[in-house]
Amino acid sequence: GACLLHLGRPDEATVVLRRALVLARAGGPTTAASIAPIGLFLGQALVAAGRYREGRDVLEPLVGRLDGDAKVKPFPRALARFALAQALWLDGGVRDRTRALALADDAERDLHDAITDGERPDQLFLRKQPARVRVELAALAAWRAAHPAP
């Protein structure tokens, strides 16, 4: 599903990711750790497919869970916040747009924290992360330039 999303095929990704989410939930404790990443990819796919309300429905609770978990790394939290910001902007009113901009601010801070994480010598498994994060920072900057405060 994630591969389809990154290939620009969000409708196909949505189908695969919905099925993956059902399987992850059915797997109990064995697959519980997969639920949040699958939910993130599903939310991103729905937003990319222009299904903003559905994206919000997936991303709202996910962002709440990620915000409340100190063990979550900043990169996935940033991705979830940015996807939710995009969905809120396109699906909501002025109040939602204000919240979208606040989420974008939070996502930007998380992305900078993710770069720091990836550059730490004791976090070798994150060593490729800064390059990926910089791509997301550029996408966030472009989005913000196209979506000024209401």
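This text goes with the structure placed above it.
A few points on the structure.

Scoring rules and cut-offs
Residues numbered from 1 in each chain as written. Predicted model: local features only at pLDDT ≥ 70, side-chain atom pairs only at ≥ 80, totals over all residues. Heavy atoms only, no water. Helix = DSSP H or I, 4+ residues; strand = E, 2+ residues; numbered from the N terminus. Buried < 20%, exposed > 50% of the residue type's maximum accessible area, 1.4 Å probe, protein only. Contact = heavy atoms within 4.5 Å. Salt bridge = Lys/Arg side-chain N within 4 Å of Asp/Glu carboxyl O. Phe/Tyr/Trp six-rings, centres within 6.5 Å; stacked < 30°, edge-to-face > 60°.

1. Some thoughts on the environment of K73
With respect to the helices and strands, the residue K73 is situated in the loop between α4 (52–67) and α5 (74–91). Look at K73 and you get partly exposed, because its relative accessible area is 30%. On a C-alpha basis, the gap between K73 and V94 in space is 30 Å, while along the polypeptide they are 21 residues apart.

2. Examining the environment of A36
By the secondary structure assignment, A36 is in helix α3 (residues 35–48). Residues A36 and G55, 19 residues apart in the sequence, show an inter-C-alpha distance of 14 Å.

3. Quick notes on the side chain of R77
Looking at the secondary structure, you find R77 in helix α5. Given a relative accessible area of 16%, R77 falls into the buried group. For R77, the contacting residues outside a window of four places in its chain are L66, D67, D69, V72 and D110.

4. Observations concerning the pattern of salt bridges
A complete count under the given rule lists 13 salt bridges for this structure. The shortest N-O distance in the salt bridge between D67 and R81 comes to 2.7 Å. Here D67, found in helix α4, pairs with R81, found in helix α5; they are 14 residues apart in sequence, far enough to count as distant. Judged by its relative accessible area of 39%, D67 falls in the partly exposed class. Exposure remark for R81: the relative accessible area of 12% places this residue in the buried category. A salt bridge links D110 to R81, with the shortest nitrogen-to-oxygen separation between them at 2.6 Å. With D110 in helix α6 (residues 94–119) and R81 in helix α5, this residue pair connects regions lying 29 residues apart in the sequence. Side by side, D110 and R81 carry an identical accessibility label, which is buried. Each of R53, R56, D91 and D96 takes part in one network of salt bridges that share partners.

5. Here we look at the packing of aromatic side chains
As enumerated under the stated definition, the model contains two aromatic pairs in all. Arranged with centres 5.8 Å apart and planes meeting at 80°, the rings of F82 and W143 form a pair that is edge-to-face. Placement of the pair is F82 in helix α5 and W143 in helix α7 (residues 129–146), with a sequence separation of 61 residues. For W143, a relative accessible area of 8% puts it in the buried group. Feature note: the residues F82, W89 and W143 constitute an aromatic cluster, connected by ring pairs.

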